Amino acid sequence: MKVKWPILIVGLGGTAALIALLATGFSANINTAVTDVITGKQAPAFELVDLQGRTWSVEELEGKPVFINFWSTWCGPCKMEHPMLLQAAKAYPDVQFLGIIYNDAAAAVDVQLRRPPYNRLMSELESAAIEYPNLSDPDGRTALRYGVVGVPESFFVDRTGLVTYKQVGPLNADTAKRELARIRKQ
Amino acid sequence: MISMLGRGLVLAALFFAATGCFAGFWAGSRRNQRAWEWARNSAYGFSASMILANLAMVYALLVRDFSVSYVAEVGSTTTPLWLTIVSLWASLNGSILFWGGILGVYTALTVYSLGDRYREYTPWALHVLMGISIFFAFLVASIANPFAPIANPPLEGPGPNPLLQNHWLMAVHPPMLYLGYVGMSVPFSLICAALLAGRLEAGWMVPVRRWMLVPWMFLSIGIVLGGWWSYAVLGWGGAWAWDPVENASFHPWLTGTAFIHSAMVLQRKGKLRDWTLVLGMSTFLLTLLGTFMTRSGVFNSVHSFTQSDIGPVFLAFIAIVFVYSIVLLALRSHVLDEEARLTDARLGHRGSSLASVLSRDTAILLQNAAFGAFTFMVLLGTVYPLLAEALQDRRISVGEPYFDRFALPLGLMLVFLMGIGPSLPWGRSAPETAMKRLVPSLAVGTLFAVVALVTGYNKPMTVLALFLVGFALWGNLFEFIEPVTQRMRARKEGPGVAAIKVWGKARRRFGGHIAHYGVLCAVFGLAMSKGYRHEQELNLNTGEVAQFLDYEITFAGARDDSETHRISSVARFEVAGLGAFEPKVNTYTSGGRMAGQPIFTPAVHSTPTYDLYFSILQISQDKTNVIVRLIYEPYQVWVWFAAPIIALGTLIALLPPRSSRASSVKPAPVGEGSRS
């Protein structure tokens, strides 16, 4: 049988290369591949107001281990990790737990929190706030400074104000325990 | 109940696809009449089951049967009726079912339109088409099953993705693209059929080209509507950003367009055969690649709405289809060589080279080369980030500067060829005749350029683009007018009668010219709107007045509007002489993980000569301050005009010419076209 070898060789070679290339895409996780530049650096400064109206800033937390969790009302995984975080906050009273509500636009936060069905979430949110403060970051500047690409993201800050660990995506109890132990060390 | 019914229909479709594929092979290789009937009935069976499965899903969505997994995933009791219906393609599993449904419609129409003609080819065509159907039916029946029953159905679902809810174009743009993508499997099957049957007559190229035109038209409309949607929803005032998903739809359009032209050379001259077949097959392969890009999550795109785990399975399917096509081409195209040689010998043809430089053939050859290069460059830019990451472990993104650098010169070259091609005859022409044809086009082009310069549009690229638009416009218009005037003179007919007679006879050609006008509209709109766009951000308090170009803009205040499925923050701007503009920030109460995300909806004032575009960037909590982006874009709507004009042209080209029925019953061999 006659075969057009150039077509066969070039075609199959090209196909193999293309398929191999596309297959490499499966191993790359968009979130984890983003280079983490914040770990080992000073936690970026912020001054934000919590839902009760109290102002919080990084400076006043100096000397205290801090756990910062960026989250949103519309984010499912955030809700999943919330109970664990509330428990952890109870178990480690020496660590300052802070939630930062992440969103792009002030208008949306406003609309979202005060209208149905979010007013229902709002009460949930306030009950959560009893456990630890939740700060509002209306224009997303703090999230930007922390390099947050999506929620949830959590940051562990030690007593000297250095970020020791950054978690992209929901946190599990083991990682939380391990990293909290690290920032609680003198 | 609907779960069981839907699943049953999908399994029936899988069964019919498998039997059709097998019977097609049997009928093709053994020339068995009963196997052919079996294949044809199976194809109809596949179509019917897939279409009914789609209707079952629509019904489940309408009655909000949350015991069906897909309805529980995208349905919601607060969603308006039209959105409930379009939820069919709101998420992955539904859209693959919809995909199968469209494949069903195409299959039925293909089988019906080919009828009992072309009996040497049709069994093979069904064999391939049903082979493709097996894969999609398998997907719907297994990993992408939208009919999975839910034991404890929820009382309420999350509703469709807010981006889908935000604009009516989402009811039209995705189906158009699907019709374009899925339809490409038909010309692919017909081309494979020629290779499998070991012959390719000019007569068979007629349905191949027509079946390429149908999905090509939908793809063209889909791409323009996608640009329009991006413009009307995303708030940056642009239509095209060379995003991987956009490029995914552009690749098959480029090769499909090249195919439509090179197929003319094949039909007339019997030349460029392998190249044309490769183009036709690549078009389908690129649609598969496009689907993979949209669905697999491998490409980092602003609109990878639907990421899922079907990626590896889909990649395997792509690999199979690529290998199948290449092996088929390598093993079988020499049979076509043999056949073409015999035909040539019978008709006394010599293996002539294409033609002289000054001919339509050469213009199409160059056009094909340009389209080929264009496709390669876009594809390279799209997969380059993957390459860089695989080889150098760098995450990079290839942006507009890369694409614009080659898209602009290649695009302009294509417009130039679009003006030259129709002006030149097939075969060869004397330089004097060619010049006589081209001088008026050059004159009209120059006129366009001068008008642009006089009216103040003096950027070199814009002037060049307008020159080429004028040049190509006249080249195509002349082809329209000349035969009419000739007939008027020869037969002493009025212009109306002559035009209808002449245009009615050569619909394919005139349809092509009309499609060219559509493309020219888009080129004109792009040249003007990209070249003379003005953009400014304003920070305004209630009652404040600001100046943007010649417009006096007052921020009249903001308010909240509430509907069942969304809440909108609306800012009102009054523009002296134009009235009120109300851009919005919509927040949807339903839509799964996307619910609650603000979606900025611009307000646009469109006129034939300019668009004025308002897009909110931020509204303060007390609604007294707003940051708004204002964009002025001249002649933007001309880009959208392209879609209906291209569609009209294609539809005219698709109408059967009066004499075609007779000629296609007895197809002429490929070689016979090259008489000129």
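Just so you know, these numbers come straight off a predicted model, no measurement behind them. (Residues numbered from 1 in each chain as written. Chains lettered and ligands numbered in written order. Predicted model: local features only at pLDDT ≥ 70, side-chain atom pairs only at ≥ 80, totals over all residues.)

### Topic: the overall build of chain A
When its secondary structure is counted, chain A shows 7 helices and 7 strands. For chain A, the sequential pattern of α-helices and β-strands runs α-α-β-β-β-α-β-α-α-β-α-β-β-α. Scored against the burial criterion, the 186 residues of chain A give a buried share of 31%. Put simply, 78% of the contacts in chain A that link residues at least 6 apart link residues at least 24 apart. (Helix = DSSP H or I, 4+ residues; strand = E, 2+ residues; numbered from the N terminus. Buried ≥ 20, exposed ≤ 12 C-beta atoms within 10 Å, placed from the backbone. Contact = placed C-beta atoms within 7 Å.)

### Quick look at the overall build of chain B
Of the regular secondary structure elements, chain B holds 21 helices and 10 strands. Taking 2.2 N^0.38 as the reference for a compact globule, 676 residues should give roughly 26 Å; the C-alpha atoms of chain B span a radius of gyration of 27 Å, in line with that estimate. Principal-axis analysis of the C-alpha atoms gives chain B an extent of 85 × 70 × 60 Å. Split into buried and exposed, the 676 residues of chain B put 52% on the buried side. Within chain B, contacts between residues separated by at least 24 positions form 73% of all contacts whose residues are at least 6 apart in sequence. (Rg over C-alpha atoms; globule rule 2.2 N^0.38 Å.)

### Notes on the pairing of strand 8 (residues 603-606) of chain B
Looking at chain direction, strand 8 of chain B and strand 9 (residues 610-619) of chain B are connected through 4 bridges and run antiparallel. Looking at strand 9 of chain B, one finds that A603 of chain B is bridged to F614 of chain B. (Pairing = 2+ DSSP bridges.)

### Quick word on the packing of helix 15 (residues 400-423) of chain B against helix 17 (residues 460-491) of chain B
All names here are of chain B. For the pair helix 15 and helix 17, interaxial distance at closest approach is 8 Å and the crossing angle is 25°. Judged on the interaxial angle alone, helix 17 and helix 15 are roughly parallel. Of the two elements, helix 15 crosses helix 17, and the hand of that crossing is left-handed. Contacts between helix 15 and helix 17 involve L412, V415, F416, M418, G419, I420, P422 and S423 from the first element and L464, A465, L468, V469, F471, A472, G475, N476, F478 and E479 from the second. Of the residues belonging to the contact of helix 15 with helix 17, the class tally is 13 nonpolar, 4 polar and 1 charged. (Axes fitted to C-alpha atoms, helices over the stretch in contact; angles between N-to-C directions. Parallel < 35°, antiparallel > 145°, perpendicular 65-115°, else oblique. Left-handed = near helix turned anticlockwise from the far one by under 90°. Nonpolar A, V, L, I, M, F, W, Y, C, P; charged D, E, K, R; others polar.)

### Things to note about the domain arrangement of chain B
Often, the extent of an interface is quoted as the loss of accessible area on bringing the components together. Under the domain assignment, chain B is made up of domain 1 (1-160) and domain 2 (534-637). One C-alpha centre belongs to domain 1 of chain B, the other to domain 2 of chain B; they are set 42 Å apart. (Domains from an automatic or database assignment.)

### Quick notes on the sheet that holds strand 7 (residues 163-168) of chain A
Residue and element names in this part refer to chain A. As summarised here, the arrangement of the 7 strands in space is 2-1-5-4-3-6-7, forming an open sheet in which the pairing is mixed. Strands with a single pairing partner mark the edges of an open sheet, and in this sheet they are strand 2 (55-57) and strand 7. In this sheet, adjacent strand axes meet at a mean angle of 30° when their direction is disregarded. In terms of strand pairing, strand 6 (residues 153-157) meets strand 7 through 5 bridges, oriented antiparallel. Across the sheet, the residue bridging to F156 is Y165, located in strand 7.

### Structural notes on the nonpolar core
Judged by nonpolar contacts, the single largest core of 180 residues is most densely connected at A13, A193, V469 and V523 of chain B. Filtering out sequence-adjacent residues up to four positions away, A13 of chain B remains in contact with F46, S49, M50, A53, G100 and A137 of chain B. By size, the runner-up hydrophobic cluster in this structure holds 28 residues, among which are F156, Y165, L171 and I183 of chain A. (Core = buried A, V, L, I, M, F, W, Y, C linked by C-beta atoms within 7 Å.)

### Focus on unusual backbone geometry
All names here are of chain B. For W242, which is not glycine, the phi dihedral falls at a positive 55°. Along the chain, W242 turns up in the loop between helix 10 (202-233) and helix 11 (244-269). Even without being a glycine, L549 presents a positive backbone phi close to 50°. Among the structural elements, L549 can be located in the loop between strand 2 (545-548) and strand 3 (551-562). The exposure class assigned to L549 is exposed, which follows from the 11 C-beta atoms found within 10 Å.

### Structural notes on the environment of A48 of chain B
By the element assignment, A48 of chain B lies in helix 2 (residues 33-62). Given 17 C-beta atoms within 10 Å, A48 of chain B falls into the partly exposed group.

### Focus: the confidence of the model for chain B
All names here are of chain B. Chain-level statistics for chain B give a pLDDT mean of 87 and a share of 92% at 70 or above. Under a pLDDT of 50 for its full length, residues 660-676 has, in the predicted model, 41 contacts with residues more than four places off or in other chains. If you check the scores for this complex, the pTM reads 0.80 and the ipTM reads 0.79. (pLDDT = per-residue confidence, 0-100.)

### Here's the deal with the pairing of strand 1 (residues 47-50) of chain A
Residues and elements named next belong to chain A. Across 3 bridges, the pairing between strand 1 and strand 2 is antiparallel. Bridge assignment links L48 to a residue of strand 2, and that residue is W56. The hairpin turn running from strand 1 into strand 2, its antiparallel successor, is 4 residues long, and G53 in that turn takes a positive phi close to 100°. For strand 1 and strand 5 (residues 134-137), the ladder comprises 2 bridges, and the chain directions are antiparallel. From the neighbouring strand, V49 faces strand 5, where its bridge partner is S136.

### Some details on the sheet that holds strand 8 of chain B
Residue and element names in this part refer to chain B. As summarised here, the arrangement of the 4 strands in space is 1-10-9-8, forming an open sheet in which the pairing is antiparallel. In this open sheet, the two edge strands, each paired with only one partner strand, are strand 1 (534-541) and strand 8. Geometrically, the sheet is characterised by an average inter-axis angle of 20° between neighbouring strands, direction not taken into account.

### Some details on the environment of P634 of chain B
All names here are of chain B. Within the element layout of this structure, P634 appears in strand 10 (residues 625-634). For P634 and V313, which are 321 residues apart along the polypeptide, the C-alpha to C-alpha distance reads 46 Å. Those residues in contact with P634 that sit more than four places away from it in its chain are M528, S529, Y532, T609 and Y610.

### What to know about helix 11 of chain B
All names here are of chain B. The end-to-end C-alpha distance of helix 11, which contains 26 residues, comes to 37 Å, matching closely the 38 Å that a straight helix rising 1.5 Å per residue would cover. In terms of residue burial, helix 11 counts as a mostly covered element, since 26 of its 26 residues are buried. Of the residues one or two after helix 11, G270 is the one with positive phi, at around 70°. (Expected span 1.5 Å × (residues − 1).)

### Re the confidence of the model for chain A
Averaged over chain A, the pLDDT score is 77; the fraction of residues at 70 or greater is 75%. Looking at the elements of chain A, mean pLDDT is at its lowest for helix 2 (residues 30-33) of chain A, recorded as 42, and at its highest for strand 6 of chain A, recorded as 92.

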